[in-house]
Amino acid sequence: MRIWETAEGSNVYEGVLPVREGDVDIWFRFITKLSDDYNNGACWHENFVGPVPQGTIYEPTLESKSGVYYTAQVNVKEYSPSEANTWHIALPEGTQEVKYHLDLNKKEMWVVSDKAIMPVFNSDTKPSTVEAIKMACVYQNNNDKPEYFIPKGECSFRIYNAFKDLFGCPSSDTSIAGKSKSKLLDFSYDNDNSNKMDDYRLGGRYDSVY
């Protein structure tokens, strides 16, 4: 499986790769060029792109509750003697695809799960990738239920998909009244929804939303 250079000579690579069904934890590294030396396995150690070793930690975990991951600790070496120099990520449950953005100029990497879907409260602006890392997606491992705290007052929210970089547009009644009630939300993604500012309106005044 490969990710591809965005333009010849850019030294920036992007791609979407599948995740095996049922996998939550993944370990990975990159090889910029596969050598012909298959006899002693050296091909898997040459042209190495992986994490910068952190003391005795050779498999650093990229932490995130949103399904968006980032690191500026990218190590590029002609040869790495250890097979343990890999990144580890605990993906949101149900992840089927992962988007990679690897910038070898800045030595940084973004990784986004296709389950990186989260509510954005009282705003029509998409969160930046840096902001999205700090948010909590609606898909949590171990059946954890995410909790979102917002200022007191009227509340509206939109559904943001970081993998698609799109807001979900409500396709049904957007009113959700009463804290004690629940409602199945119906929405769809539209590539040309920049002018569609419909959002879900919550009745009442809340300190937190579940």
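Residues numbered from 1 in each chain as written. Predicted model: local features only at pLDDT ≥ 70, side-chain atom pairs only at ≥ 80, totals over all residues. Heavy atoms only, no water.

Caption draft 1: Highlighting the confidence of the model for the protein. Across the protein, pLDDT averages 75, with 65% of residues at or above 70. This model gives residues 177-184 a pLDDT under 50, and the stretch forms seven contacts once residues within four places in sequence are excluded. In this model residues 192-210 is a low-confidence stretch, pLDDT under 50, and it forms 61 contacts with partners more than four residues away in sequence or in other chains. (pLDDT = per-residue confidence, 0-100. Contact = heavy atoms within 4.5 Å.)

Caption draft 2: Representation of the packing of aromatic side chains within the structure. Enumeration over the complete set of coordinates arrives at six aromatic pairs. Centroid distance F28 to Y100: 5.3 Å. Interplanar angle 70°. Geometry classified as edge-to-face. Pair noted here: F28 is in strand β3 (residues 25-28) and Y100 is in strand β10 (residues 97-103), with a separation of 72 residues, a long-range link. Assigned by exposure class, F28 and Y100 land together as buried. Taken together, the aromatic side chains of F28, F30, W87 and Y100 make up a single cluster linked through ring pairs. (Phe/Tyr/Trp six-rings, centres within 6.5 Å; stacked < 30°, edge-to-face > 60°. Helix = DSSP H or I, 4+ residues; strand = E, 2+ residues; numbered from the N terminus. Buried < 20%, exposed > 50% of the residue type's maximum accessible area, 1.4 Å probe, protein only.)

Caption draft 3: Representation of the layout of surface pockets within the structure. By volume, the largest pocket amounts to about 930 Å³. Taken together, 27 residues make up the lining of the largest pocket; nearest its centre are M1, R2, L17, R29 and F30. Those elements that provide at least two residues to the lining of the largest pocket are β1 (4-5), β2 (12-18), β3, β4 (30-31) and β10. Residue composition of the lining of the largest pocket, by class: 19 nonpolar, one polar and seven charged. (1 Å grid on protein atoms, 1.4 Å probe; cavity = no way out; pocket = protein on both sides within 12 Å on 5 of 7 lines; lining within 4 Å. Points joined across faces, edges and corners; volume = space filled by probe spheres on them. Nonpolar A, V, L, I, M, F, W, Y, C, P; charged D, E, K, R; others polar.)

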